[in-house]
Number of protein chains: 2
Amino acid sequence: MRLLLLSNAKCEGMGYLEHAREHVRDFLGGTVPRVLFVPFAAVTRSYDDFVGQTLPVFDALGVAVEGIHRCTDPVAAVNEAPALMIGGGNTWKLLRELRSQALLPAIRARVERGMPYIGWSAGSNVACPTIMTTNDMPICDPHGFDALGLVPFQINPHYLHGNPPGFKGETREERINEYLALHPDVVVAGLREGTAFRVEDATLRLLGDAECRVFRHGQPPRELTRGDDFGFLLAPR
Amino acid sequence: MRLLLLSNAKCEGMGYLEHAREHVRDFLGGTVPRVLFVPFAAVTRSYDDFVGQTLPVFDALGVAVEGIHRCTDPVAAVNEAPALMIGGGNTWKLLRELRSQALLPAIRARVERGMPYIGWSAGSNVACPTIMTTNDMPICDPHGFDALGLVPFQINPHYLHGNPPGFKGETREERINEYLALHPDVVVAGLREGTAFRVEDATLRLLGDAECRVFRHGQPPRELTRGDDFGFLLAPR
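Figured I'd write up the structure that's included with this text. What you see is a predicted model, and the numbers here were worked out from it, not measured in a lab. (Residues numbered from 1 in each chain as written. Chains lettered and ligands numbered in written order. Predicted model: local features only at pLDDT ≥ 70, side-chain atom pairs only at ≥ 80, totals over all residues. Heavy atoms only, no water.)

## What to know about the interface of chain A and chain B
Then, in step 1: Facing 42 residues of chain A, the contacting portion of chain B comprises 42 residues.
Then, in step 2: For the pair chain A and chain B, the two sides together bury roughly 3500 Å², of which 64% comes from carbon and sulfur.
Then, in step 3: There are two salt bridges connecting chain A and chain B.
Then, in step 4: Here aspartate 136 of chain B makes a salt bridge to arginine 175 of chain A, at a shortest N to O gap of 3.6 Å.
Then, in step 5: At the boundary of chain A and chain B, one finds six residue pairs in polar contact (both at pLDDT 80 or more).
Then, in step 6: Looking at the side of chain A that touches chain B, the elements that each hand over two or more residues are helix 4 (91–100), strand 6 (154–159) and helix 7 (172–182) of chain A.
Then, in step 7: In terms of residues, the side of chain A that touches chain B owes the most to one element, helix 7 of chain A, which gives eight residues.
Then, in step 8: Looking at the side of chain A that touches chain B, its residues break down into 17 nonpolar, 13 polar and 12 charged. (Contact = heavy atoms within 4.5 Å. Buried area = accessible area lost by both parts, 1.4 Å probe. Salt bridge = Lys/Arg side-chain N within 4 Å of Asp/Glu carboxyl O. Polar contact = N/O pair within 3.5 Å; in protein donor to acceptor, adjacent residues only side chain to side chain. Helix = DSSP H or I, 4+ residues; strand = E, 2+ residues; numbered from the N terminus. Nonpolar A, V, L, I, M, F, W, Y, C, P; charged D, E, K, R; others polar.)

In structure tokens, the structure reads:
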């Protein structure tokens, strides 16, 4: 299994996905002529516009981007794609479309047989067993919270520690602890902006400079850096 | 119908619900000896502890607080309660419990016949048609997003304008605009901390000093203050 799971696409002062360009280049390794792109997380922009946002980086890499919304048979498109990429936006709308178009089993089967998978934000969330650690507003019912389950742990993208001044809602950590209270056997990785996970079969590495905050029920959170061993996240529990 | 829908319970430098005490006193009007309290939004604290958090304010008002989790027949308890109160926490867990204990129709019927309803945060969210404008992490599947529907519009509690520095996730306004894109006929009220709605049949008033940001699909958001007319929120669309 080959996964590149990014926290986010936008970094201060950089173009869309620009901070991830070298990670993507290294991950695709010059062998992939095109990626099939799933833009279903877009809500207030068009799917074509969303494809366009990815082009500056992928043009520079010499990789073509094909929007799945333009394919007459999306499942067949997944079955024939050299690589798949799912962009961020609203996780609920993304999951609803993936389910209603019968893409979840198709994508899962191809990734399990080696098709490279790139996701960011909502696209990283749907790689998890469920979307229960999303930050997004639940603007539609996806008819089930289960997702692709490419990894056995949960990612919280855009992980942010603490609250802005004056804001008395729950912190992200409090929200994750609520999740853990109901799901004590699942590990949650708070993936800060600018960071990513790269999975190569049984190996998982953190990319980027920020730490990753790992939450387990009944244990103090741990801050791990890119030199640390993350293999435990992939181990059966 | 009589509703007091608060954005939040905690304000800087004040005790739990303390900022709302005079609103609650005025709303209950000295005629209610006890309130039935629904603490199901609590996840990482016990229901008894949650009841305890409300006691300083309600003791001062001379109103007893009875936790519904202590009642052998919760539906009967709703049917006999002089007033009902639903506290904040996790909206998903709250809605799951309300649904699984068959409390949604019971509460709706009593409120429609005049039982005073007090909610804050998640307890204000479930007074809306759905919980699709919650900020909470979806830690469990409530098996349907529909809620009490006591008002015909959606509340976004803890409304916060803009993003903290360095955070590149969607702003609250962007999230609400995504909701409106899929639900163009629904109005969303961004209820800032320290504010509340008070509904008396066909009248709705804003309480508190901060403005309320009102969102409609295809229109610029409006900032309304407590002197403004909010009746349009209750009007059939």
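## Details of the sheet that holds strand 6 (residues 154–159) of chain B
All names here are of chain B.
Then, in step 1: The strand order across the open sheet formed by four strands is 6-7-10-11, and the pairing between neighbours is mixed. Lying at the two open borders of the sheet, with one neighbouring strand each, are strand 6 and strand 11 (222–224). Each neighbouring strand pair of the sheet contributes to a mean axis angle of 25°, computed without reference to strand direction.
Then, in step 2: As judged from the four bridges shared by strand 7 (residues 188–192) and strand 10 (residues 212–215), these two strands associate in the antiparallel manner. Within strand 10, the residue paired with valine 188 across the bridge is phenylalanine 215.
Then, in step 3: Docked against the sheet, helix 7 (residues 172–182) engages strand 6, strand 7 and strand 10, running at close to 170° with respect to strand 6. (Pairing = 2+ DSSP bridges. Axes fitted to C-alpha atoms, helices over the stretch in contact; angles between N-to-C directions.)

## Things to note about the relation of the copies chain A and chain B
Then, in step 1: With an RMSD of 0.0 Å, chain A superimposes on chain B once it is rotated by 180° and translated 0.0 Å along the axis. Here the transformation between the copies is reduced to the relation of a two-fold axis.
Then, in step 2: Looking at chain A, 100% of its interface residues are interface residues in chain B too, so the copies touch through the same face. (Least-squares fit on C-alpha atoms with pLDDT ≥ 70 in both.)

## A few points about the pairing of strand 8 (residues 196–200) of chain B
Residues and elements named next belong to chain B.
Then, in step 1: Within strand 8, four of the five residues are buried, which leaves the element mostly enclosed by the surrounding structure.
Then, in step 2: Here five bridges tie strand 1 (residues 2–6) to strand 8, and the two strands are oriented antiparallel to one another. When the sheet's bridge partners are listed, leucine 6 is paired in strand 8 with alanine 196.
Then, in step 3: The sheet contact formed by strand 8 and strand 9 (residues 203–207) spans five bridges and is antiparallel. In the strand pairing of strand 9, valine 199 is matched with leucine 204.
Then, in step 4: Counting the residues in the hairpin turn of strand 8 and strand 9 gives two residues, including aspartate 201, whose phi is positive at 55°. (Buried < 20%, exposed > 50% of the residue type's maximum accessible area, 1.4 Å probe, protein only.)

These figures come from the coordinates and say nothing about function on their own.
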